[in-house]
Amino acid sequence: MDKFRMFFQHFQSSSESVMNGICLLLAVVTVKLYSSFDFNCPCLAHYNALYGLGLLLAPPLTLFLCGLLANRQSVVMVEEWRRPAGHRRKDPGIIRYMCSSVLQRALAAPLVWILLALLDGKCFVCAFSNSVDPEKFLDFANMTPSQVQLFLAKVPCKEDELVRNSPARKAVSRYLRCLSQAIGWSVTLLLIIAAFLARCLRPCFDQTVFLQRRYWSNYVDLEQKLFDETCCEHARDFAHRCVLHFFASMQSELQARGLRWDNAGKSPEPPAVPEPPEVLDSGSGKAHLRAISSREQVDRLLSTWYSSKPPLDLAASPGLCGGGLSHRAPTFALGTRLSQHTDV
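Residues numbered from 1 in each chain as written. Predicted model: local features only at pLDDT ≥ 70, side-chain atom pairs only at ≥ 80, totals over all residues. Heavy atoms only, no water.

Our next topic: the UniProt feature "transmembrane region" (unreviewed entry) in the protein. As annotated by UniProt and renumbered to match this structure, "transmembrane region" (unreviewed entry) occupies residues 21–37, 49–70 and 178–198. The span residues 49–70 carries 100% helix and 0% strand; its end-to-end C-alpha distance comes to 31 Å. With 100% helix and 0% strand, residues 178–198 has end C-alpha atoms that lie 30 Å from one another. (UniProt positions renumbered as here; feature names shortened; annotations may be inferred. Helix = DSSP H or I, 4+ residues; strand = E, 2+ residues; numbered from the N terminus.)

Time to look at a nonpolar patch on the surface. On the surface, L189, I193, F196, L197, L201 and F205 cluster together into a nonpolar patch covering about 620 Å² of accessible area. Tracing the backbone shows F205 in the loop between α9 (167–201) and α10 (208–256). (Patch = residues over 30% accessible without salt bridge, like charges linked within 9 Å, V, L, I, M, F, W, Y side chains within 5 Å. Areas by Shrake-Rupley, 256 points an atom, 1.4 Å probe, with all protein chains shown as cover. Salt bridge = Lys/Arg side-chain N within 4 Å of Asp/Glu carboxyl O.)

With that settled, the discussion passes to the packing of helix α5 (residues 92–106) against α10. Orientation of α5 relative to α10, taken along the N-to-C sense of each, is 80°, at an axis distance of 9 Å. Considered as vectors, α5 and α10 are oriented roughly perpendicular to each other. From α5, G93, I94, R96, Y97 and M98 reach across to α10, where they touch F210, R213, R214, W216 and S217. For the contact of α5 with α10, the residue count by class is 5 nonpolar, 2 polar and 3 charged. (Axes fitted to C-alpha atoms, helices over the stretch in contact; angles between N-to-C directions. Parallel < 35°, antiparallel > 145°, perpendicular 65-115°, else oblique. Contact = heavy atoms within 4.5 Å. Nonpolar A, V, L, I, M, F, W, Y, C, P; charged D, E, K, R; others polar.)

On to α5. Count 3.6 residues to each turn of an α-helix, and residues three or four apart come out pointing the same way. In a regular helix each residue adds 1.5 Å, so 15 residues correspond to 21 Å; α5 covers 21 Å between its end C-alpha atoms and thus fits that length. Within the sequence span of α5, burial applies to G93, I94, I95, M98, S101, V102, R105 and A106. Where α5 begins, the side chain of D91 points an oxygen toward the backbone nitrogen of G93, at a separation of 3.1 Å. (Expected span 1.5 Å × (residues − 1). Buried < 20%, exposed > 50% of the residue type's maximum accessible area, 1.4 Å probe, protein only. Polar contact = N/O pair within 3.5 Å; in protein donor to acceptor, adjacent residues only side chain to side chain.)

Okay, the pattern of salt bridges next. Tallying each qualifying case throughout the model produces 7 salt bridges. Here R72 makes a salt bridge to D228, at a shortest N to O gap of 3.9 Å. Here R72 is found in helix α4 (residues 72–82), whereas its partner D228 is found in helix α10, with 156 residues between them in sequence. We classify D228 as partly exposed; its relative accessible area is 34%. A salt bridge links D237 to R241, with the shortest nitrogen-to-oxygen separation between them at 3.1 Å. With D237 and R241 both in helix α10, this residue pair falls 4 residues apart, about one helical turn. For D237, a relative accessible area of 4% gives the class buried. You can call R241 buried: its relative accessible area is 6%. Look at the salt bridges and you will find they share partners, linking R72, D221 and D228 into a network.

Shown next as structure tokens:
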């Protein structure tokens, strides 16, 4: 049980593991969708190709877009690409690495669908039944061209009266199915060879650039996630202090008007000086959040984070960040909370 809990915690904390899990889930859903799909070719000369190619390509495109939407790194990649340079230079290599990672995971489910469709052969037979050369089959020798086209359009529908129990239909269907499976197995083999070569040959080259880009791509993702979590924490703390300030103000107003009486309704109690919200939650350990205490400061902080992210140098002076906020940034001892937020 402890090992399972540790594995689950690692899966939750690792963005890469989450994306791999989503990728695997989409692939499993793809197999389930294809196995439960009811394939019905229209068996019409002008619609067979449209229907067959549509089922071969439209679902993979949908799954590809779903893979992009489910992958959080796709949004982080676009934000990193479009953000102003500010005090932190943009590295195109990091963006290319993130783009490659996102595309690899997003293409998994579409490739599974295409390979299943090719190995099954139904979409291929429906799409290309009218494109078969009649001269390859002797059974079409006594048919007119219009009869040949009508017959070929009915090939995917084995229960149709025109082609039922016809050896020519079986021959054409077998030919197209074999061609589809050959293409499917060839694509599968090429993908396996490419993955094998990429895995085996990568250690033969210098890993410095790869490790750097992998590190900083993970850093960008984790930094944005930590910033969002800290913003949520500040919003909760800010709302809490605003509510406390409102109640303290109302108490002071009531006391100033002499409306606070004892239970007997005799004389007003002497006014009590309300404690400021900063004193009420002074032991909460949120000084770095409490320093931002107005809407203007919050808006300036968010604008500064977008337009001018701080340099990746913890030893640099806080003034280099260009924040320009009206409060003094809180200082931290080395190895304390600040280093925890930047640990990748």
